[in-house]
Structure formats: C-alpha cells, structure tokens
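# Summary of structural features
One-letter residues, chain by chain:
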Amino acid sequence: MKTFLTIVGLLILSMAHADEGQDLYNKSCVACHTIGKGRLVGPDLINITQQRSQEWLVAFIKSSQTLIKSGDPEAVAIFEEYNRMPMPDNDFTDAQTLAVIEYIKRTSAGTEANGQTADAQDLLSEATDENVSSGALLFTGEKRLTNGGSACNSCHNVQDAQTFSNGTLAKDLTTSWEIMGSAGVAAIIEGPPFPLMTVAYQNHPVTEQEVLDLTAYLRSVSESSGNQAAESYDMAMAIFGIAAFLIIMVFIMIFYPQRKPSRVSA
Ligand code: HEC
Ligand code: HEC
C-alpha cells in the first residue's frame with residue numbers, strides 16, 4: 001500500500017511538473033510559435049532540441065537579445081531571418097526553462113512537421129472593407145470593444161491618414177502585419193505575450209470577430225504605408241519642381257528688363 005501511494009504520489013508530481021512546462025508554454029510562447037504547424041511570428045519549434053544544444057536553448061529562451069548582442073552566430077542568423085523581430089525575455093528559473101524545453105521535446109515526438117507557414121491558411125481570405133473599417137473604429141476606440149478592453153491606440157500608434165492615433169506606450173504597429181503575417185498578428189491580439197498588453201486584456205478578452213477586424217485593419221495599414229511613402233515622395237518631387245520653376249521665373253523677371261536697355265544702347 002505504501003509503495004502504491006508513493007508511486008501515485010510520484011506520478012502526480014511528475015504530471016504536475018510536465019504541466020508546468022505546458023502551462024508556461026501556453027502562457028508565454030504559443031502566441032508566436034507552433035510545434036509542427038509551421039512558422040508563426042517566430043519559427044516552428046518542432047524538434048528544436050535536436051538542432052540546438054540545451055545550453056543554447058536555455059540562454060535563448062531566457063534572453064534572446066543578450067545572446068544576440070554577445071554575437072552568437074546562430075542567434076544572430078535566426079534574428080536576421082526573422083526581420084530582426086525581438087523575442088521577449090522570460091523571467092524563468094532554470095527549472096522552469098527546462099520544463100518548457102521538455103514540453104516542446106515531448107510534443108515534437110508526437111507531431112509531424114508540416115513544413116509550411118501557419119499563415120498559409122489565411123484567416124483574412126474572406127475579409128472585406130467592412131472588416132477593415134470596423135477594425136479602424138475598434139483600434140481608435142470610436143467603437144468599444146465588446147468586453148470593455150482598452151482601445152489599442154491608448155498604447156499604440158499607426159501611420160494611417162484615415163485614423164487619429166497617438167499611443168506612445170508601445171510600438172508603432174504600421175509594419176507589424178508585414179513582419180509577422182495575419183496569423184502572427186491575430187495570435188498576439190488573442191493571447192498577448194507582452195506583460196503590459198496581457199494585463200490590459202486578461203479580464204477583457206478581444207472577441208474572435210474583433211481579432212479578425214483588427215487584423216484586417218492592420219493589414220490594410222501595413223499595405224498602404226508603402227504607397228503613402230511613395231505618394232509623399234511624388235508630392236515632394238512636384239513641390240520641388242514648382243519651386244524650381246518659380247525661382248527661375250523670378251530670376252528672369254529681375255534680370256531680363258535690365259538687359260533690354262543695355263542691348264538697345266549697344
Ligand atoms: C512575441 C513573439 C514571441 C514569443 C512570445 C516567443 N518567441 Fe521565440 N522567437 C520569436 C522570434 C521572432 C524568433 C526568431 C528569432 C528572433 O527574431 O529573435 C524566435 C526564436 C525562438 C527560438 C530559436 C529557434 C531556432 O530555430 O533556433 C526558440 C528556441 C524560441 N523562440 C523559443 C521560445 C519559447 C520557449 C517561448 C516561450 C517561453 C518563446 N520563444 C516566445 C518570437 C517569439
Ligand atoms: C496597455 C498597453 C497596450 C494596449 C492597450 C495594447 N497593446 Fe499591443 N502591445 C503592447 C506592448 C507593451 C507590446 C510589446 C511591444 C512593445 O514593447 O512596444 C505590444 C505589442 C503588440 C503587437 C506586436 C507588435 C510588433 O510589431 O512586435 C501587436 C500586433 C499588438 N500589440 C496589437 C495590439 C492591438 C490590436 C491592440 C488593441 C486590441 C493592442 N495591441 C493593445 C501594449 C499594448
């Protein structure tokens with residue numbers, strides 16, 4: 001009986017330990033990574049324990065930027081490959097980090113890599129202009145989020161001529177969609193892995209429909225930001241042209257009348 005209880009106890013303990021890895025993963029990693037479902041914001045982590053040493057993984061997960069700044073070639077390469085999108089640091093103990101790594105390893109073993117990007121099943125394939133305009137209103141708070149969460153622009157800014165936004169607490173989101181795709185943006189809105197943003201929405205989840213609208217809006221901002229830059233460049237060239245023309249006109253007006261009499265007198 002005693003041994004039986006000990007075994008049950010050990011089983012429960014080991015399950016609790018396994019769950020810790022899974023819990024931490026679901027809380028801090030799942031918004032940006034999949035295990036076998038393809039690239040999201042960051043790389044697919046399937047079989048990562050076969051590609052990188054445990055020591056490297058622990059260091060990267062705790063503070064990828066520290067490793068990158070130290071010049072570690074593998075860390076620098078993966079950072080460049082992902083458009084220099086910084087992965088947030090994790091305030092984990094060694095035991096917690098190992099539990100997360102163990103969870104990734106265990107899940108990898110039961111999963112087949114599909115090799116494609118998670119974005120391939122594009123959640124915006126049926127999005128319309130209505131989703132975009134509704135997303136714009138939600139972003140600025142002109143339309144309230146169903147569960148009462150703060151408007152995005154209380155922290156974020158976007159460069160979009162149509163909407164007014166001035167949030168400066170967090171990153172400008174103009175090019176986020178371009179960098180992480182629809183699946184990445186949606187995953188971050190659904191389960192933000194950044195403490196400040198997590199706190200803002202943990203009791204006020206953004207609904208599925210709102211996630212779709214906001215993602216559609218951020219895609220449209222990102223897509224038109226390139227054009228806006230091009231347009232303002234054309235505009236600058238036009239203004240430059242007009243200014244040059246006026247300067248030449250002024251010179252002609254100043255100098256032409258003076259030359260006329262001198263020509264006559266000659
Ligand atoms: C906000 C998005 C984000 C979150 C959250 C995130 N990561 Fe990452 N992760 C990235 C990106 C982007 C990269 C690519 C490298 C880079 O840009 O720094 C990356 C790279 C990695 C790598 C290196 C993969 C390789 O091929 O070498 C590992 C390992 C990793 N992440 C594990 C984790 C774990 C574990 C967590 C949770 C504790 C986590 N990440 C949370 C975005 C994220
Ligand atoms: C309380 C402040 C706050 C609010 C409100 C907030 N965020 Fe964030 N968000 C953050 C922080 C902090 C980050 C991490 C990046 C940084 O440090 O700026 C972030 C990151 C992001 C990112 C990743 C950006 C990138 O390019 O790396 C996206 C996308 C995003 N937020 C979308 C939204 C959307 C959509 C809303 C509205 C539903 C929203 N956020 C509301 C604070 C906030």
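Calculation criteria
- Residues numbered from 1 in each chain as written.
- Chains lettered and ligands numbered in written order.
- Predicted model: local features only at pLDDT ≥ 70, side-chain atom pairs only at ≥ 80, totals over all residues.
- Heavy atoms only, no water.
- Near = heavy atom within 4 Å.
- Polar contact = N/O pair within 3.5 Å; in protein donor to acceptor, adjacent residues only side chain to side chain.
- 1 Å grid on protein atoms, 1.4 Å probe; cavity = no way out; pocket = protein on both sides within 12 Å on 5 of 7 lines; lining within 4 Å.
- Sits in = over half its atoms within 2 Å of the grid points.
- Phe/Tyr/Trp six-rings, centres within 6.5 Å; stacked < 30°, edge-to-face > 60°.
- Helix = DSSP H or I, 4+ residues; strand = E, 2+ residues; numbered from the N terminus.
- Buried < 20%, exposed > 50% of the residue type's maximum accessible area, 1.4 Å probe, protein only.
- Contact = heavy atoms within 4.5 Å.

### Focus: the site of ligand 2
- Not every one of the 19 residues close to ligand 2 is listed here, only the nearest: Cys-152, Cys-155, His-156, Lys-171 and Met-197.
- Contact between ligand 2 and His-156: a nitrogen atom at 2.8 Å from a side-chain N or O atom of the residue.
- Lys-171 is positioned such that a nitrogen or oxygen atom in its backbone is 2.6 Å from an oxygen atom of ligand 2.
- A majority-of-atoms criterion places ligand 2 in the second largest pocket.

### Quick word on the packing of aromatic side chains
- Under the definition given, this model contains three aromatic pairs.
- When the centroid spacing of 5.3 Å and the interplanar angle of 45° are considered together, the rings of Tyr-25 and Tyr-103 count as tilted. Remark: Tyr-103 occurs in helix H5 (residues 94-109) and Tyr-25 occurs in helix H1 (residues 2-28); sequence separation between them is 78 residues.
- Exposure remark for Tyr-103: the relative accessible area of 11% places this residue in the buried category.
- Plain terms: the ring middles of Phe-139 and Tyr-217 are 5.6 Å apart, the flat faces sit at 50° to each other, and that makes the pair tilted.

### What to know about the side chain of Thr-97
- With respect to the secondary-structure elements, Thr-97 resides in helix H5.
- Taking the relative accessible area as the measure of exposure, Thr-97 reaches 0% and is therefore buried.
- Leave out the neighbours within four places in its chain, and Thr-97 touches Val-58, Ile-61, Lys-62 and Phe-92.

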